[in-house]
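Next come the chains, spelled out residue by residue.
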Amino acid sequence: MKRGVVFSKAAAAAALCGLGMAGAAEAAHRHLASQAGEALRSNQAAETALASAIGGLAAFGDSERASLRARVDRFRDGLGGGDSWSRLSRQFGERWAAEARPRERKSAYSIQTGSFYLNKPSLGDWPSIVDAVGAAEVLPGVEILAVEMRSSGDRDRRSLDLVKVAVAIHAHLAADQP
Amino acid sequence: MNPRIAILLGRTVWSRDDDGWKAAAYPSGPSREPIARLAEILGSGPARRTVALFEPESLSHQFLETPKVDRAAFASLARVRREHPVVEAEDLGWGIEPPESTAGGAYATLLHAEFTPGLVQVREACAEARCPLVGAWSAYTALAATAPRRAGRGARLALLVTSGYAAVAAIAGSRRWFRSWSGPRSERDLKAVFAALGDAEGTGALAPEALSRAPAITAVVAEEPERMLPGWAELRESGRVDAVLGLDDLAAAAARMPARHPANLVEAFPCPQNLDPVLSGVALSGLVLSLGLGSLIMGDRSRLGSQEAQHRLRSGGLEAQLAHLHANQQEMLRLQAEVPEGFGQLPLEMKAALIRLAAALPDSLTLSSFSVGIDRTFAFEALVVGRGFDAQGARQELERCGFRPGKDQGWTFEPSQGHLRVQGRIEEARP
């Protein structure tokens, strides 16, 4: 016949101790699991942000840089010198009137635009006009921006009114130094 | 560790020391000294479990029919509660022998019960001394426990003889009983003992035909049986006594009895539920759980560390890649500032374009104006000056030479005026 309960202090203390240890271990386990989950989320977010930033800079890859370097090298190699305008004028010849604009300084080069007008053109000048354009565009730093021609008259009698060649000369900055 | 055990037989208390069993006899009367002495013996010494062979004068042994039930069911039977109110008392020890079938086919048991409270005092004294009394057995139960190893089926008697106490028990057979004699034995008592053993003459020797029917006897004796039981020698010589045991055997049998045996007299008392096993189990479970969780924590820490290391490795690589791209970006921005916008595309060879245009135009057209830009745009106006101008053929030839008219207002030909206006983009010439 059982009535009431009895227990020893040592057993009670051991049970409490065991429960306390188990509780503490469970709490530590939960805390660590939570910490691991938090760290995982945080790490994933950081890696995603880095990957996104890398994706945003995709246009600056090594191949793009190499391509740009080559382009810049090609540009530098093609720059003209300080006497490019006068050389170009000589190339067009005395029949061409030059109209130069002021030279503009850029960060790594200078640019000078201008136009050449053929004085008193005639239909028979066409081959020489084509040759002049061809000779000009191979000079270092010279770029033919546009070629323009206008004529007038009727179907039977035509006359050339305007032959204009617009140019731009890219030159080394050193060429501008006094 | 074996329990501490003491024996109360009638008014004699037996305790054992290194020299053997010692008896303390008390005079007959209402004195409770034997009970107090038994409690004193059991409660002395270091804390340990105790067992009592408890056979005071006030213990009754009643044969009664009962269903084959356990102790709790037996105590709940209405007839038993009505005829034997001891089963409901909380201060009287009682117990029953396992019910066994009788000659009539019914089941019967032997109820051992105190008339007056005594065992409860022993139990309380033991509990105070931190020596819990786990078993208290009547002499009958202890005698019966000594017999099974030797007994076959059929009737069997047990004889217990000590100084100041004698008992005979029918421990097997269709009807079980127990009779005892306490105090100095008279001639009449001796005759009664032998009568109980089946010897009405009291000589200890039976006639051959009676001897063959007489049940075997297991004897438990202390000290000198010849002196305590005149006729003992003749009884031994009769061959009925097949085993002679001592108090050590009786005590050992009592100590071996499981506490849940229905004859345990202590089970009659309400006792508090001992929570120590439960608490120990909780403590052990907590420890095991802690160890398990500890190993999980170690695993968690290791996994967390590995995760962190992998993250550092990956993010380090990504950061290096990002830094490299930033450096590229800086350099490319600087390089881009060094070249004009749009530089680098395949330059238009202006001379070649002029030659191609001249070749593409049919002789029936004469240009009135044209312009060609470095941005690969072109525009011209022309007049039809000859016969047989094929506008569609002229357009196809222009496109073949790379001069592709624009989709909107790119090709405008007015046949009535013979006026053609074309504007568009210069592309690569087709072969």
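Note that this is a predicted model, so its numbers are computed, not measured. As a convention, each chain's residues are numbered from 1 in the sequence order in which they are written. Starting at A for chains and at 1 for ligands, labels are handed out in the order in which the entities are written. Given that this is a predicted model, residues contribute local features only at a pLDDT of at least 70 and side-chain atom pairs are listed and counted only at 80 or more, while totals for whole chains, interfaces and linings are drawn from all residues. With hydrogens and water set aside, each side-chain value is computed from the structure's full complement of heavy atoms.

Among buried residues, the Ala, Val, Leu, Ile, Met, Phe, Trp, Tyr and Cys ones that are joined through side-chain atoms within 4.5 Å form a nonpolar core. Burial classes: relative accessible area under 20% of the type maximum marks a residue as buried, over 50% as exposed, and values in between as partly exposed (1.4 Å probe, protein chains only). Counting residues in hydrophobic clusters, the biggest one holds 46 residues, and the most contacted among them are A:Leu88, A:Trp96, A:Ile144, B:Phe370 and B:Phe380. A:Leu88 has contacts with A:Phe116, A:Ala136, A:Leu139, A:Val142, A:Val167 and A:Ile169, leaving out every residue within four places of it along the chain. Residues B:Ala167, B:Val220, B:Ala251 and B:Ala254 belong to the second largest nonpolar core, which totals 33 residues. Two residues form a contact once any of their heavy atoms are found within 4.5 Å.

We now examine the sheet that holds strand 11 (residues 165-172) of chain B. Residue and element names in this part refer to chain B. Should DSSP find at least two bridges between two strands, the strands are regarded as paired. Comment: elements are numbered from the N terminus, with helices defined as DSSP H or I runs of at least four residues and strands as E runs of at least two. The 5 strands are arranged 12-11-10-13-14 in an open sheet whose pairing can be described as mixed. Each edge of the open sheet carries a strand with a single partner, namely strand 12 (177-182) and strand 14 (241-245). Geometrically, the sheet is characterised by an average inter-axis angle of 15° between neighbouring strands, direction not taken into account. Note on method: axes are straight lines fitted to C-alpha atoms, helices fitted across the in-contact stretch only, with angles between N-to-C directions ranging 0 to 180 degrees. Its contacts with the sheet place helix 10 (residues 247-256) against strand 10 (156-162), strand 13 (216-221) and strand 14, and it is angled at close to 100° to strand 13.

Moving on, we get to the sheet that holds strand 2 (residues 12-17) of chain B. Across a sheet, strands are paired by hydrogen bonds formed along the backbone, either parallel or antiparallel in direction. Residue and element names in this part refer to chain B. Read from one edge of the open sheet, 5 strands run 3-2-1-4-9, paired in mixed fashion. Every interior strand has two partners, whereas the edge strands, strand 3 (20-25) and strand 9 (133-137), have only one. Sheet twist, expressed as the average angle between the axes of neighbouring strands with direction ignored, equals 20°. On top of the sheet, helix 4 (residues 119-128) reaches strand 4 (50-56) and strand 9; it is set at about 155° to strand 9, its chief contact. Sheet strands in contact with helix 5 (residues 139-146) are strand 1 (4-10), strand 4 and strand 9, and its direction is about 115° off that of strand 4.

Our focus in this paragraph is the packing of aromatic side chains. Under the pairing criterion, centres of Phe, Tyr and Trp rings, with the six-membered ring standing for Trp, must be within 6.5 Å; the plane angle then separates stacked pairs below 30 degrees from edge-to-face pairs above 60, leaving the rest tilted. What the rule picks out here adds up to 10 aromatic pairs over all chains. An angle of 80° between the planes, with centres 5.4 Å apart, marks the rings of A:Trp126 and B:Phe370 as edge-to-face. Separated into two different chains, A:Trp126 in helix 4 (residues 126-137) and B:Phe370 in strand 16 (residues 365-373) make up a pair that spans both. Every member of this aromatic cluster is reached through a ring pair, and the members are A:Trp85, A:Phe92, A:Trp96 and A:Phe116.

At the junction of the two partners, chain B supplies 69 residues and chain A supplies 66 residues. The salt bridge definition used is simple: a Lys or Arg side-chain nitrogen within 4 Å of an Asp or Glu carboxyl oxygen. For the pair chain B and chain A, the interface holds 5 salt bridges. Between A:Arg76 and B:Glu338 there is a salt bridge, with the nearest N and O atoms lying 2.3 Å from each other. The definition of a polar contact used here is a pair of N or O atoms within 3.5 Å, where within protein one atom must be able to donate a hydrogen and the other to accept one, and adjacent residues in sequence count solely through side-chain atom pairs. Put simply, chain B and chain A have 24 residue pairs in polar contact (both at pLDDT 80 or more) between them. Going through the elements one at a time, strand 15 (271-274), helix 11 (276-338), helix 12 (350-360), strand 16 and strand 17 (377-384) of chain B are the ones with two or more residues in the side of chain B that touches chain A.

Attention shifts here to the pairing of strand 4 of chain B. Residue and element names in this part refer to chain B. The element strand 4 is largely enclosed, with a buried count of 7 among its 7 residues. The two faces of strand 4 match: Thr50, Ala52, Phe54 and Pro56 on one face and Val51, Leu53 and Glu55 on the other face are all buried. Here strand 1 pairs with strand 4 via 7 bridges, running parallel. Bridge pairing in strand 4 links Ala6 to Ala52. When strand 4 meets strand 9, the two strands line up parallel, connected through 4 bridges. Its bridge partner lying in strand 9, Thr50 is registered against Leu133.

A word on the pairing of strand 16 of chain B. Buried residues dominate strand 16 of chain B, accounting for 8 of its 9 residues. Relative to strand 16 of chain B, strand 5 (residues 142-153) of chain A is paired through 5 bridges, and the arrangement is antiparallel. Bridging across to strand 16 of chain B, A:Val147 finds its partner in B:Val372. Where strand 16 of chain B meets strand 17 of chain B, 7 bridges bridge the pair, whose relative direction is antiparallel. Following the sheet pairing, B:Ser369 is matched in strand 17 of chain B by B:Glu381. Hairpin connection from strand 16 of chain B to strand 17 of chain B: 3 residues lie between these consecutive antiparallel strands, with B:Arg376 at a positive phi of about 70°.

Attention now goes to the pattern of salt bridges. All told, the structure shown has 27 salt bridges over all chains when counted by the stated rule. Of the charged contacts, one joins A:Arg65 and A:Asp62 as a salt bridge, the two residues approaching to 4.0 Å between their closest N and O atoms. In this pair, A:Arg65 and A:Asp62 both sit in helix 2 (residues 62-77), 3 residues apart, roughly one turn of the helix. For B:Arg11, the salt bridge identified is with B:Glu57, shortest N-O distance 3.6 Å.

Turning our eyes to something else, we now look at helix 3 (residues 84-92) of chain A. Residues and elements named next belong to chain A. Among the residues of helix 3, those classed as buried are Ser84, Trp85, Leu88 and Phe92. Buried residues of helix 3, seen end-on, are gathered within an arc of 100° and therefore sit on one face of the element. Summarising the contacts, the buried residues of helix 3 are in contact with strand 2 (96-100), strand 4 (109-118), helix 4, strand 5 and strand 6 (158-172). In the stretch just after helix 3, Gly93 is the one whose phi turns positive, near 100°. Arc definition: it is the arc formed by the directions from the helix axis to the C-beta atoms.

On to the side chain of B:Arg123, then. Residues and elements named next belong to chain B. Here Arg123 lies in helix 4. His is not counted here, nor are the chain ends, while Lys and Arg score as positive and Asp and Glu score as negative. There is no salt bridge for the buried Arg123, and the closest opposite charge comes from Glu124, which lies 5.3 Å off by N-O distance. Apart from residues no more than four positions distant in its own chain, Arg123 is found in contact with Leu133, Val266, Phe269, Pro270 and Cys271.

Any residue range with low pLDDT should be treated as having predicted coordinates unsuitable for detailed reading. How sure the predictor is of each residue is captured by pLDDT, a score from 0 to 100. When the pLDDT values of chain B are averaged, the result is 88; 94% of them are 70 or greater. Predicted complex, confidence summary: ipTM 0.73, pTM 0.53.

Once that is clear, we can look at the packing of helix 3 of chain A against helix 4 of chain A. The angle between the axes and the distance between the axes are what describe a pair of packed helices. Residues and elements named next belong to chain A. Between helix 3 and helix 4, the least distance of the axes is 9 Å, while the angle of their chain directions is 155°. Taken together, helix 3 and helix 4 sit at an angle that is classed as roughly antiparallel. Of the two possible hands of crossing, helix 3 and helix 4 adopt the one that is right-handed. Contacts between helix 3 and helix 4 involve Leu88, Gln91 and Phe92 from the first element and Ala132, Ala135 and Ala136 from the second. Here the word oblique covers every angle except those under 35 degrees (roughly parallel), over 145 (roughly antiparallel) and from 65 to 115 (roughly perpendicular). Take the far helix as your reference; a near helix turned counterclockwise from it by less than a right angle gives a left-handed crossing, and one turned clockwise gives a right-handed crossing.

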